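The chain contents come next:
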Amino acid sequence: SQTIHQWPATLVQPVGSPLSLECTVEGTSNPNLYWYRQAAGRGLQLLFYSVGIGQISSEVPQNLSASRPQDRQFILSSKKLLLSDSGFYLCAWMETGHSYEQYFGPGTRLTVT
Amino acid sequence: QKEVEQNSGPLSVPEGAIASLNCTYSDRGSQSFFWYRQYSGKSPELIMFIYSNGDKEDGRFTAQLNKASQYVSLLIRDSQPSDSATYLCAVNSMNTGGFKTIFGAGTRLFVKA
């Protein structure tokens, strides 16, 4: 069965510091991968998605970037965090078959101070 | 701008009642429709998906889809306090970069014991 991991689970970083969040998927090949952010009490904002190694689509202009160095690895980065980057970061993978449902990792709660 | 709209709630129902959650979407080309449950502080969990007009039942949950009206609903029968959560409606559409899922902001459900 498929499993998706995210780390770290929680993170407190000062404004202006760098960021690296990692997501890995097990038990599937060539998945579509997604990064979302959820601000407190808000819906899911799609940040990036990837349909293959090295292929990244950005949804919103911001100080974040994403990379997919391996088939089942997706990384979210920032060179300098802003206060507004605080939130719950969720990685998801999509089953590319009949129904195309997404499955989420456990998430990383980021607080920028 | 493709949108998915949900009543934010909170929707409060007594234990044992039927909870009815509704969602409308703007993209007529949408192909797959999903309901996720999100407990406070946790990541979303897929509970139902539907892609054909009509009803789909899974245990106490029934998803209903009306593509002509661009309307999706979720019925929860015999509601339990453990069903108290935020329910996210999600809609899938094909874009040039692949399948993309648009999420509603969610409806908070409270089931009173």
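Residues numbered from 1 in each chain as written. Chains lettered and ligands numbered in written order. Predicted model: local features only at pLDDT ≥ 70, side-chain atom pairs only at ≥ 80, totals over all residues. Heavy atoms only, no water.

A. Structural detail: the pairing of strand β3 (residues 19-25) of chain B. Residues and elements named next belong to chain B. Along β3, the buried face is formed by A19, L21, C23 and Y25; none of S20, N22 and T24, which line the opposite face, is buried. Two elements, β3 and strand β8 (residues 71-76), share 6 bridges in a ladder whose sense is antiparallel. Considered in β8, the bridge of L21 is made with L74. (Buried < 20%, exposed > 50% of the residue type's maximum accessible area, 1.4 Å probe, protein only. Helix = DSSP H or I, 4+ residues; strand = E, 2+ residues; numbered from the N terminus. Pairing = 2+ DSSP bridges.)

B. Representation of the sheet that holds strand β1 (residues 4-6) of chain B within the structure. All names here are of chain B. Ordered in space as β1-β3-β8-β7-β6, the 5 strands form an open sheet in which the pairing is antiparallel. For this open sheet the edge positions go to β1 and β6 (54-58), each flanked by a neighbour on one side alone. Shown here is a sheet whose adjacent strand axes are inclined to one another by a mean of 20°, direction ignored. Both β6 and strand β7 (residues 61-66) contribute to a ladder of 5 bridges, which runs antiparallel. Each bridged residue has a counterpart across the sheet, and for D55 the counterpart in β7 is Q64. (Axes fitted to C-alpha atoms, helices over the stretch in contact; angles between N-to-C directions.)

C. Geometry of the sheet that holds strand β3 (residues 19-26) of chain A. Residues and elements named next belong to chain A. With antiparallel pairing, 4 strands are arranged side by side in an open sheet as β1-β3-β8-β7. Each edge of the open sheet carries a strand with a single partner, namely β1 (3-7) and β7 (64-70). This sheet shows a mean twist of 15° between the axes of neighbouring strands, independent of strand direction. By the bridge criterion, 5 bridges tie β1 to β3 in an arrangement that is antiparallel. Across the sheet, the residue bridging to H5 is T24, located in β3.

D. Representation of the interface of chain A and chain B. Listed by partner, the interface residues are 23 residues for chain A and 21 residues for chain B. In this assembly, chain A packs against chain B so that about 1,700 Å² is buried in total across both faces, 58% of it on carbon and sulfur atoms. There are 5 residue pairs in polar contact (both at pLDDT 80 or more) connecting chain A and chain B. At the level of elements, β4 (32-38), β5 (44-52), β9 (87-94) and β10 (102-104) of chain A are the ones that each hand at least two residues to the side of chain A that touches chain B. Classifying every residue of the side of chain A that touches chain B by side-chain character gives 13 nonpolar, 7 polar and 3 charged. (Contact = heavy atoms within 4.5 Å. Buried area = accessible area lost by both parts, 1.4 Å probe. Polar contact = N/O pair within 3.5 Å; in protein donor to acceptor, adjacent residues only side chain to side chain. Nonpolar A, V, L, I, M, F, W, Y, C, P; charged D, E, K, R; others polar.)

E. Just the pattern of salt bridges, in detail. Inspection of every chain in the model, using the stated rule, returns 5 salt bridges over all chains. The shortest N-O distance in the salt bridge between R68 of chain A and D71 of chain A comes to 3.3 Å. Accessibility expressed as a relative area gives 3% for R68 of chain A, which makes it buried. Here E45 of chain B ties to R37 of chain B by a salt bridge, and the two come within 3.0 Å at their closest N and O atoms. Given a relative accessible area of 36%, E45 of chain B falls into the partly exposed group. By relative accessible area, R37 of chain B is classed as buried at 12%. (Salt bridge = Lys/Arg side-chain N within 4 Å of Asp/Glu carboxyl O.)

F. Geometry of the environment of K112 of chain B. All names here are of chain B. Relative to the assigned elements, K112 resides in strand β11 (residues 107-112). Along the sequence, K112 and Y87 sit 25 residues apart, while their C-alpha atoms lie 17 Å from each other. K112 has contacts with S12, V13, P14 and E15, leaving out every residue within four places of it along the chain.

G. Seen up close, the environment of L90 of chain A. Along the chain, L90 of chain A turns up in strand β9. For L90 of chain A and L47 of chain A, which are 43 residues apart along the polypeptide, the C-alpha to C-alpha distance reads 9.9 Å. The contact partners of L90 of chain A, leaving out residues within four places of it in the chain, are Q6, Y34, W35, Y36, Q38, L44, F104, G105, P106 and G107 of chain A together with S43 and P44 of chain B.

H. Representation of the pairing of strand β5 (residues 45-50) of chain B within the structure. Residue and element names in this part refer to chain B. Inspection of the sheet shows strand β4 (residues 32-38) paired to β5 by 5 bridges, in the antiparallel sense. Residue pairing for β5: W35 is matched across the bridge by M48. The hairpin turn running from β4 into β5, its antiparallel successor, is 6 residues long, and G41 in that turn takes a positive phi close to 80°.

I. Main features of the state of the cysteines. Residue and element names in this part refer to chain A. Applying the stated criterion to the full structure yields 2 disulfides over all chains. Across the disulfide, C23 is cross-linked to C91 (sulfur-sulfur distance 2.0 Å). Here the disulfide of C23 and C91 is left-handed, its torsion about the S-S bond being about -70°. One end of the pair, C23, is in strand β3; the other, C91, is in strand β9, and 68 residues separate them in sequence. (Disulfide = S-S within 2.5 Å.)

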